[in-house]
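Chain and residue survey
This is what each chain is made of:
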Amino acid sequence: MPTKLDSAEVADALTSLPGWLGDADRIQLEIMIDGDEADAIVAEVMHAADEMDHHPVIDHGPGTTTFTVWTHSVGGVTELDVALARKISQILYSAGVSY
């Protein structure tokens, strides 16, 4: 079972994840896209998440899409969440999404 990171470990991880915010409970990224572009990116993120067997919570709002990650079984952020956040960031970068 993954181990929950403490606040300092999460803060350190966030320094290498531009745009991501959070604490030891959850990390989150909000981007300003919607429509077909958001749908395509979400589909790619979900494919990557399926490969990792670890899934973000994705919320579509008007003009925004938000990715939130944490490990439910430990009640907070683990290395698996940091890895998923990195993967999401890579997908966004490859799609030309700036945030």
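Our subject in this report is the structure included herewith. Fair warning: this is a prediction, and the values are worked out from it, not measured in the lab.

**As for the environment of R26**
- Residue placement: R26 occurs in the loop between β1 (21-22) and β2 (27-31).
- Taking the relative accessible area as the measure of exposure, R26 reaches 40% and is therefore partly exposed.
- With 55 residues separating them along the chain, R26 and D81 place their C-alpha atoms 8.8 Å apart.
- Apart from residues lying up to four places away in sequence, R26 is in contact with L21, T68, V69, W70 and V77.

**A closer look at the sheet that holds β2**
- Reading across the sheet, the four strands line up as β1-β2-β4-β3 and stay open at both edges, with antiparallel pairing between neighbours. Edge positions in the sheet fall to β1 and β3 (57-61), since each has one partner strand and no second.
- Relative to strand β4 (residues 64-69), β2 runs antiparallel, the two being bridged by five bridges. Bridge pairing in β4 links L29 to F67.
- On top of the sheet, helix α3 (residues 79-94) reaches β2 and β4; it is set at about 155 degrees to β4, its chief contact.

The rules behind the values
- Residues numbered from 1 in each chain as written.
- Predicted model: local features only at pLDDT ≥ 70, side-chain atom pairs only at ≥ 80, totals over all residues.
- Heavy atoms only, no water.
- Helix = DSSP H or I, 4+ residues; strand = E, 2+ residues; numbered from the N terminus.
- Buried < 20%, exposed > 50% of the residue type's maximum accessible area, 1.4 Å probe, protein only.
- Contact = heavy atoms within 4.5 Å.
- Pairing = 2+ DSSP bridges.
- Axes fitted to C-alpha atoms, helices over the stretch in contact; angles between N-to-C directions.

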